[in-house]
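Analysis of the macromolecular model
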Amino acid sequence: MSEDDGIRLLLEQEGPYAFRISFEGTGLDALHTDESAPLGEGAGPNPSHLLLAGVANCLSASLLFALRKFKNAPGPIRTEIVAHKARNENGRWRIPRAEVAIRLSDAAAGLEHFDRVLGQFEEFCIVTQSVREGMQVDVRIIDADGAEYVPGGAGAGA
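Notes on the structure in this doc start here. (Residues numbered from 1 in each chain as written. Predicted model: local features only at pLDDT ≥ 70, side-chain atom pairs only at ≥ 80, totals over all residues. Heavy atoms only, no water.)

Here we look at the packing of helix 1 (residues 47-69) against helix 3 (residues 126-133)
Inclusion rule: All axes here are fitted lines through C-alpha atoms, helices being fitted over the stretch that makes contact, and every angle between N-to-C directions spans 0 to 180 degrees. Every helix listed is a DSSP run of H or I at least four residues long, and every strand listed is a run of E at least two residues long, numbered separately from the N terminus. Should an angle fall under 35 degrees it is taken as roughly parallel, and over 145 as roughly antiparallel, whereas 65 to 115 is taken as roughly perpendicular and any remaining angle as oblique. Here, residues are in contact when the closest pair of their heavy atoms is within 4.5 Å.
Interhelical geometry of helix 1 versus helix 3 gives an angle of 125° and a closest axis separation of 7 Å. Judged by the inter-axis angle, helix 1 sits oblique to helix 3. Taking contact as the criterion, the partners of Leu51, Gly54, Val55, Cys58 and Leu59 in helix 1 are, on helix 3, Ile126, Val127, Thr128 and Val131.

Topic: the nonpolar core
Rule in force here: Nonpolar cores are built from buried Ala, Val, Leu, Ile, Met, Phe, Trp, Tyr and Cys residues. Side-chain atoms within 4.5 Å join them into one set. Classification of residues uses two cut-offs on accessible area relative to the type maximum, computed with a 1.4 Å probe and protein chains only: under 20% is buried, over 50% is exposed, and between them is partly exposed.
If you look at the biggest cluster of nonpolar residues, it comprises 12 residues: Val55, Cys58, Leu59, Leu63, Ala66, Leu67, Phe70, Leu111, Phe114, Val117, Phe121 and Cys125. At the level of secondary structure, the elements contributing two or more residues to this core comprise helix 1 and helix 2 (114-120). It is helix 1 that contributes the most residues to this core, 6 residues altogether. In this structure Leu111 touches Leu67, Asn72, Leu104 and Asp106, once residues within four positions along its chain are discounted.

Brief notes about a positive patch on the surface
The line we're drawing: For patches, a residue must show more than 30% relative accessible area and have no salt bridge; joins then use 9 Å for like charges and 5 Å for nonpolar side chains, namely Val, Leu, Ile, Met, Phe, Trp and Tyr. In this description, accessible areas are obtained by the Shrake-Rupley approach with a 1.4 Å probe, and a residue is regarded as covered only by the protein chains that are shown. Definition used for salt bridges: Asp or Glu carboxyl oxygen within 4 Å of a side-chain nitrogen of Lys or Arg. The charge count includes Lys and Arg as positive and Asp and Glu as negative, but it does not include His or the ends of the chains. To locate a charge, the coordinates of NZ of Lys, CZ of Arg, CG of Asp or CD of Glu are taken.
On the surface, Lys85, Arg87, Arg92 and Arg94 cluster together into a patch of positive charge. Within the element layout of this structure, Arg92 appears in the loop between strand 5 (86-87) and strand 6 (93-94).

As far as function goes, none of this settles anything; it's purely spatial.
Now the structure itself:
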């Protein structure tokens, strides 16, 4: 699968709130997720964990890309992301903010063009920038008879 073909994942329910996530068109093993108790059994990462992992991983990879772009050979990095859930104005749980700390194993003074790296690496991060910009998500529900429903719509075919 090329980047132009899009990114396709398939989720199949395995338990009350547990899913097997397959990464279509890749040779990657499936990932197993589950909601934390009391809804699920916590047998895998939950969607909030995956969101934060995506942000932290993308920022880390983007920083490494930017460092290497300027001919640096950075040592291993370590990234920590911390977030807290809070209720929005409608009483729904959200993650309003995440704090990311990326620890370099190199002294910044020894890295070429470090100021330029800092000024641009976040722009390379597809996930973080998509989250910051508020990615549009279109949803449709298809029942066993093939009828399609759009949440908030007027019913079948809406």
